[in-house]
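Chain by chain, the residues run as shown.
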Amino acid sequence: MRTITRTEFFNKLKSYRDKHIIKVITGVRRCGKSTLLMMFRDWLIESGVSPSQIIFINFEDYDNYDLLTPKKLYEYIKERISADKKTYIFFDEIQNVQDFQRVVDSLFLNENLDLYITGSNAYLLSGELATLLSGRYITIEMLPLSFKEFCSAMPDTNLSLSEKYRRYIEQSSFPYAINFGNDKKETLDYLNGIYSTIVLKDVITRHKISDSKMLDSVIRFIFDSIGSPISSKKIADTMVSSGRRTDSKTIEKYISALQDCFIVYEAKRYDVKGKQYLKLLEKYYAVDVGLRFLLLGQKANDIGHILENIIYLELVRRGYRVYVGKADNMEIDFVAQNEIGNTYIQVAASVRDESTLKRELRPLQILKDSYPKLLLTLDDDPISDYGGIKRMNALEWLLG
């Protein structure tokens, strides 16, 4: 089995080591959070930290069942804290612990502790934890493998970049899936297990959803509509027209639950010229294109929207807040914002057809500010410049 070093996330943990702040790692199940913690634990030991200074608890391991009660967990930790040396505490999948927020809050009072926690549900940082620990934690949001990480982990380096991309979208970006090589059946079986676990544990059980078939239909609808503006009303109307009983409020609950477990990401709309955020017709993207192939089969082979999905996730990885842009009556695929400003991005499978090129350039050409403007395609052509708009190969961009 290949172990993939997630260098970016690993370096973040190293930079925060021994700082009196709680390190919270979130992300979809099987994206590599537990492996990251174990690698960091091993690095600490290699750096001279005694194993007796480290407490590592995986709350999905039945051996730790008794520690799911907050009082027992707190007592267990207090008995093992070193009085004169730094103690490193790792809580993996802490959302399984009842009232875990108060345990974390109490442990934080001890400045001789270095605390790391992971969770597979965004509610981890909602409610009491955010209230109790406001300003005392940092979040590291993990995603499955980027295209660059996937390429670096592949054993066959002689493949072309386009072939690596094909495998990336079909084999899945979940780290363990790379061990199945090009075996599609084993990969799909593995992805089916991930999907079932997420839906059962993180969505249906956690959010008390009774209609599992309706939930599955909503997931399939969203996955089939990546890159297209949709609303909860549109989904509800589609379900009703096919003879299913539901309403917009129920669909909104489902979508919120899917976002909480990181299986679906939302891109809201942003009026570039009016500089305001809009509340209508959001777009949604899947955390992994392989899951989309699992649910939709060959119907999922939509090259343009798949590329758009991957570009969206990469922008999130790079720390941007990502919106769908609106300029006059035209749409910009992505407005990526950070502390420096905006980056405007159009995504297309190919723009070798002159009319397609003009159509993709037009929304960027009406923008008069000096922020970067990119047109990313799968065309294997040299980088071109159209009056300040840089056109380049999307796979080269993904590689950084």
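Structure first, text after, so check above.
Residues numbered from 1 in each chain as written. Predicted model: local features only at pLDDT ≥ 70, side-chain atom pairs only at ≥ 80, totals over all residues. Heavy atoms only, no water.

**Re the sheet that holds strand 3 (residues 87–92)**
Sheets are built from strands that pair by backbone hydrogen bonding, the pairs being arranged parallel or antiparallel. What counts, and what does not: Strand pairing is assigned whenever DSSP detects at least two bridges linking the two strands. In this text, helices come from DSSP runs of H or I with a minimum length of four residues, and strands from runs of E with a minimum of two, each type numbered from the N-terminal end. In this analysis an axis means a line fitted to C-alpha atoms, helices contributing only their contacting stretch, and an angle means the value between N-to-C directions, from 0 to 180 degrees. In what follows, residue pairs with any heavy atoms lying within 4.5 Å of each other are defined as contacts.
Read across the sheet, 5 strands follow the order 2-3-4-1-5 without closing on themselves; strand pairing throughout is parallel. This sheet does not close on itself; its edge strands, each paired only once, are strand 2 (54–58) and strand 5 (137–141). The mean angle between the axes of side-by-side strands here comes to 15 degrees, regardless of whether they run parallel or antiparallel. Packing against the sheet, helix 1 (residues 7–16) makes contact with strand 1 (22–26), strand 4 (113–119) and strand 5, and its axis sits at approximately 170 degrees to strand 5. Helix 3 (residues 70–80) rests against strand 2 and strand 3 of the sheet, and its axis sits at about 155 degrees to strand 2.

**Brief notes about the packing of helix 9 (residues 212–224) against helix 10 (residues 232–241)**
We apply this condition: Roughly parallel covers angles under 35 degrees, roughly antiparallel covers those over 145, roughly perpendicular covers 65 to 115, and oblique covers all other angles. Put simply, a crossing is left-handed when the front helix is turned counterclockwise from the back one by less than a right angle, and right-handed when it is turned clockwise. When residues are sorted by character, Ala, Val, Leu, Ile, Met, Phe, Trp, Tyr, Cys and Pro go into the nonpolar class, Asp, Glu, Lys and Arg into the charged class, and all the rest, Gly among them, into the polar class.
Interhelical geometry of helix 9 versus helix 10 gives an angle of 120 degrees and a closest axis separation of 11 Å. On the basis of the axis angle, helix 9 is oblique to helix 10. Once helix 9 is placed against helix 10, the crossing between them reads as right-handed. For the pair formed by helix 9 and helix 10, the contact residues are Met 214, Ser 217, Val 218, Phe 221 and Ile 222 on the first element and Ile 235, Thr 238 and Met 239 on the second. Considered class by class, the residues forming the contact of helix 9 with helix 10 number 6 nonpolar, 2 polar and no charged.

**Topic: the environment of Gln 365**
You can see Gln 365 is positioned in helix 14 (residues 354–365). Residues Gln 365 and Tyr 386 lie 21 residues apart in sequence; the distance between their C-alpha atoms is 8.9 Å.

**Here's the deal with the sheet that holds strand 13 (residues 389–393)**
Here we have 8 strands laid out as an open sheet, ordered 7-6-8-9-10-11-13-12, and mixed in their pairing. Edge strands, defined here as strands with exactly one partner in the open sheet, are strand 7 (276–286) and strand 12 (384–386). Adjacent strand axes in the sheet meet at a mean angle of 30 degrees, parallel and antiparallel pairs treated alike. Across 3 bridges, the pairing between strand 12 and strand 13 is antiparallel. Across the sheet, the residue bridging to Tyr 386 is Ile 389, located in strand 13.

**Focus on the pattern of salt bridges**
A side chain with one charge can pair with a side chain of the opposite charge if their charged atoms come near. Let me state the cut-off plainly: Salt-bridge detection follows one rule: a side-chain nitrogen of Lys or Arg within 4 Å of a carboxyl oxygen of Asp or Glu. Whether a residue is buried, partly exposed or exposed follows from its accessible area with a 1.4 Å probe, protein chains only, as a fraction of its type maximum: under 20%, in between, or over 50%, in that order.
Applying the stated criterion to the full structure yields 30 salt bridges. Notably, a salt bridge pairs Lys 33 with Glu 93, separated by 3.8 Å at the nearest N-O pair. Within this pair, whereas Lys 33 is found in helix 2 (residues 33–46), its partner Glu 93 is found in the loop between strand 3 and helix 4 (100–108), the two being separated by 60 residues in sequence. The exposure classification of Lys 33 matches that of Glu 93, with both residues buried.

**Structural notes on helix 14**
Stated formally: To estimate how far a helix should extend, the number of its residues minus one is multiplied by 1.5 Å.
Its 12 residues place the ends of helix 14 16 Å apart at the C-alpha level, agreeing with the 16 Å of an ideal helix rising 1.5 Å per residue. Contact partners of the buried residues in helix 14: strand 9 (330–337), strand 10 (342–348), strand 11 (373–377), strand 12 and strand 13.

**Some remarks on the nonpolar core**
Cut-off, in case you're wondering: In this description, a nonpolar core means a group of buried Ala, Val, Leu, Ile, Met, Phe, Trp, Tyr and Cys residues linked to one another through side-chain atoms lying within 4.5 Å.
Within the largest apolar cluster, 97 residues are counted, with the highest numbers of intra-cluster contacts made by Ile 263 and Ile 311. Counting 23 residues, the second largest nonpolar core, distinct from the first, contains Ile 22, Ile 77, Ile 94 and Leu 133.

**Thoughts on helix 11 (residues 248–260)**
The periodicity of an α-helix, 3.6 residues per turn, causes residues three or four places apart in sequence to face the same way. This is how the line gets drawn: Polar contacts, as used here, are pairs of N or O atoms within 3.5 Å; protein pairs need one atom able to donate a hydrogen and one able to accept it. Residues neighboring in sequence count only if both atoms are side-chain atoms.
A rise of 1.5 Å per residue sets the reference length of helix 11, with its 13 residues, at 18 Å; its end C-alpha atoms lie 18 Å apart and thus fit the reference within 8%. Inspection of helix 11 places Ile 251, Tyr 254, Ile 255, Ala 257, Leu 258 and Asp 260 among the buried residues, and these make up the whole buried set. For helix 11, the secondary structure elements touched by its buried residues are helix 8 (184–205), helix 9, helix 10, strand 6 (264–271) and strand 7. With a side-chain oxygen positioned 3.3 Å from the backbone nitrogen of Lys 249, the residue opening helix 11 is Asp 247. Phi turns positive one or two residues past the end of helix 11, at Phe 262, with a value near 65 degrees.

**Considering unusual backbone geometry**
Its identity is not glycine, yet Arg 30 carries a phi of approximately 65 degrees, on the positive side. Checked against the element boundaries, Arg 30 lands in the loop between strand 1 and helix 2. Residue classification places Arg 30 among the partly exposed residues on the basis of a relative accessible area of 43%. If you check the backbone angles, Phe 262 has positive phi at about 65 degrees while not being a glycine. Structurally, Phe 262 is set in the loop between helix 11 and strand 6. In this structure Phe 262 comes out as buried when scored by relative accessible area, which is 9%.

Taken by themselves, the reported measurements are silent on function.
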